[in-house]
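Here is what each chain is made of, one letter per residue.
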Amino acid sequence: MASVSVKRKSTAVDQTAAQATDDEPNKSIKLENLENEKDRLFYEKAQRLMLTDLQLHLNNFPRSSDQDEFCKLRGQSHQINNKSSKTCYRCKRNFVMTNGQFERLNDCCPNAGRNSNAGKNHVHRDNFADCSGYIRLTEKNDSSPGVYAVDCEMGYTVNGLELTRVSVVDRDCSLIYDSFVQPYGRFVDYNTKWSGIGEWHLRGVATTLKDVQAEFKKRFSSKTIFLGHSLDSDFKALRIIHDNVIDTSVLYPHRRGPPYKRALRNLASDHLGIVIQDGGARGHDSHEDASACVKLLKWKLNMK
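Residues numbered from 1 in each chain as written. Predicted model: local features only at pLDDT ≥ 70, side-chain atom pairs only at ≥ 80, totals over all residues. Heavy atoms only, no water.

Going by what an unreviewed UniProt entry lists, the chain is known as Exonuclease domain-containing protein and is assigned to Clavelina lepadiformis. Turning to the chain, the UniProt annotation filed under Sequence similarities (unreviewed entry) states: "Belongs to the REXO1/REXO3 family." Quoted verbatim from the Subcellular location (unreviewed entry) field of UniProt, the annotation for the chain is "Nucleus". (UniProt positions renumbered as here; feature names shortened; annotations may be inferred.)

Laid out in structure tokens, this is it:
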């Protein structure tokens, strides 16, 4: 009986294989299974390069707090006091805000006209020290949680440095989520030289940070591996706490060690032989930067 059973099973498999040559749905199923297997293998290889808990802490990633919607940051474990006196992130000079408005919109630096890194106005990043409003992704019954590269663009508002665009790509560098985001605060500097975002990009945009967080909860899980360059900043802009992280700034360390980090542009040039962030006044492109991170991960895994 056993031999007959095996024979019949074999025949059924042969018939299915024969039908698959002419049956397009069967072909699709085979290709889908093949892609799932590639996703699984890529995930398993990428797991070896995830940051440890200590590395997450030392690289200033938001970590879990005992309170819901709050995180712990290195050296900061409470909600920031929204004081009116600020220190400019660019020129390090003090300036004053009253009722969420700048006392005066003056040049950031005396030589702002000659300094390409200086914007017109003083800016701050105090909101990056605010530990409130964070989310965690939930665990899902997903056989392929995936490896995705994330890159965010940000602009300066009266609240600090806020999210203006987020792009997510898969292992093939295909864009799976891309959205402009309307900040909560009034803009002080669009940061176009670095973000690539101008006032015209955000006209009519209604998507907020809360909407982006909801999309991340829907699309990804706690087991998803997120990849990026200096990804701690992206997570602070997204207000997300996540454990499975690969950071190319850690994967390819600076020869002088922390806190120095190599620029993504230089890593792409040295290891991949490609030029990125060459937009000049148009700034960076989050899709391009996220794709470069995927390629750098594959280069490290010898999957060029």
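Next comes the rest of the write-up.
Participant: Go over the state of the cysteines with me, naming the residues and quoting the values.
Facilitator: Here the structure, examined in full by the defined rule, presents zero disulfides. Counting only cysteine sulfurs, Cys131 is the nearest neighbor of Cys71, a cysteine outside any disulfide, at a range of 4.2 Å. Here Cys71 falls in the buried class, since its relative accessible area comes to 2%. (Disulfide = S-S within 2.5 Å. Buried < 20%, exposed > 50% of the residue type's maximum accessible area, 1.4 Å probe, protein only.)

Participant: So what's going on with the pattern of salt bridges? Residues and values would help.
Facilitator: A complete count under the given rule lists 18 salt bridges for this structure. Between Arg90 and Asp189 there is a salt bridge, with the nearest N and O atoms lying 2.9 Å from each other. Taken together, the residues span a long stretch of sequence, with Arg90 in the loop between β3 (85-87) and β4 (94-98) and Asp189 in strand β10 (residues 187-189) at a distance of 99 residues. With a relative accessible area of 15%, Asp189 lands in the buried category. For Glu199, the salt bridge identified is with Arg203, shortest N-O distance 2.8 Å. Since its relative accessible area comes to 33%, Glu199 is described here as partly exposed. (Salt bridge = Lys/Arg side-chain N within 4 Å of Asp/Glu carboxyl O. Helix = DSSP H or I, 4+ residues; strand = E, 2+ residues; numbered from the N terminus.)

Participant: Hey, could you go over the side chain of Ser167 for me, with residue numbers and the actual values?
Facilitator: Relative to the helices and strands, Ser167 is located in strand β8 (residues 160-169). Owing to a relative accessible area of 0%, Ser167 belongs among the buried residues under this scheme. Reaching out from Ser167, the side chain makes a polar contact with the side chain of Arg165 at a distance of 3.5 Å. One polar contact links Ser167 to Ser286, side chain to side chain, over a distance of 2.6 Å. For Ser167, the residues in contact, after removing those within four places along its chain, are Ala149, Val150, Asp151, Leu175, Tyr177, Asp178, Ser286 and His287. (Polar contact = N/O pair within 3.5 Å; in protein donor to acceptor, adjacent residues only side chain to side chain. Contact = heavy atoms within 4.5 Å.)

Participant: Tell me about the environment of Asn266, and name the residues and values.
Facilitator: Residue placement: Asn266 occurs in helix α8 (residues 264-272). Between the C-alpha atoms of Asn266 and Ile276, which are 10 residues apart in sequence, the distance is 8.8 Å.

Participant: Go over the packing of α8 against helix α9 (residues 286-300), please, and point to the residues and values.
Facilitator: Look at α8 against α9: their axes get within 10 Å of each other, and the N-to-C directions meet at 45°. The angle between α8 and α9 places the two elements in the oblique class. For α8 against α9, the interelement crossing comes out left-handed. Contact with α8, carried on its side by Leu264, Leu267, Ala268, His271 and Leu272, involves Asp289, Ala292, Cys293, Lys295, Leu296 and Trp299 of α9 and no other residues of that element. Of the residues belonging to the contact of α8 with α9, the class tally is eight nonpolar, one polar and two charged. (Axes fitted to C-alpha atoms, helices over the stretch in contact; angles between N-to-C directions. Parallel < 35°, antiparallel > 145°, perpendicular 65-115°, else oblique. Left-handed = near helix turned anticlockwise from the far one by under 90°. Nonpolar A, V, L, I, M, F, W, Y, C, P; charged D, E, K, R; others polar.)

Participant: Give me the lowdown on the environment of Thr87, citing residues and values where you can.
Facilitator: Considering the arrangement of structural elements, one finds Thr87 in strand β3. Polar contacts involving the side chain of Thr87 include one to the side chain of Asn94, which spans 3.1 Å.

Participant: How would you sum up α8? Please name residues and give values.
Facilitator: The α-helix advances 3.6 residues per turn, and as a result positions three or four apart in sequence lie on the same side. Listed in full, the buried residues belonging to α8 are Leu264, Leu267 and Ala268. Buried residues of α8, seen end-on, are gathered within an arc of 100° and therefore sit on one face of the element. Among the structural elements, α7 (248-251) and α9 are those in contact with the buried residues of α8. Positive phi appears at Gly273, one or two residues downstream of α8, with a value of about 70°. (Arc of directions from axis to C-beta.)

Participant: Run through the nonpolar core, naming residues and quoting values.
Facilitator: By size, the foremost hydrophobic cluster in this structure holds 36 residues, and its most contacted members are Val150, Leu163, Val166, Phe216, Phe226 and Leu238. Residue assignment for this core shows that the elements contributing at least two residues are β4, β7 (147-157), β8, α5 (209-219) and α6 (231-238). Looking at this core, the element that brings in the most residues is β7, giving five residues. When near neighbours in sequence (up to four residues on either side) are disregarded, Val150 contacts Val166, Ser167, Val168, Phe216, Phe226, Leu227, Gly228, Leu231, Leu238 and Ala290. In this structure, Val147, Val169, Ile225 and Ala292 belong to the second largest nonpolar core, which totals 23 residues. (Core = buried A, V, L, I, M, F, W, Y, C linked by side-chain atoms within 4.5 Å.)

Participant: Go over the pairing of strand β9 (residues 175-180) with me, naming the residues and quoting the values.
Facilitator: Here β8 runs beside β9; their pairing, made up of five bridges, is antiparallel. Bridge pairing in β9 links Ser167 to Asp178. In sequence, β8 turns back onto β9 through a hairpin of five residues, with Cys173 there showing a positive phi of about 65°. (Pairing = 2+ DSSP bridges.)

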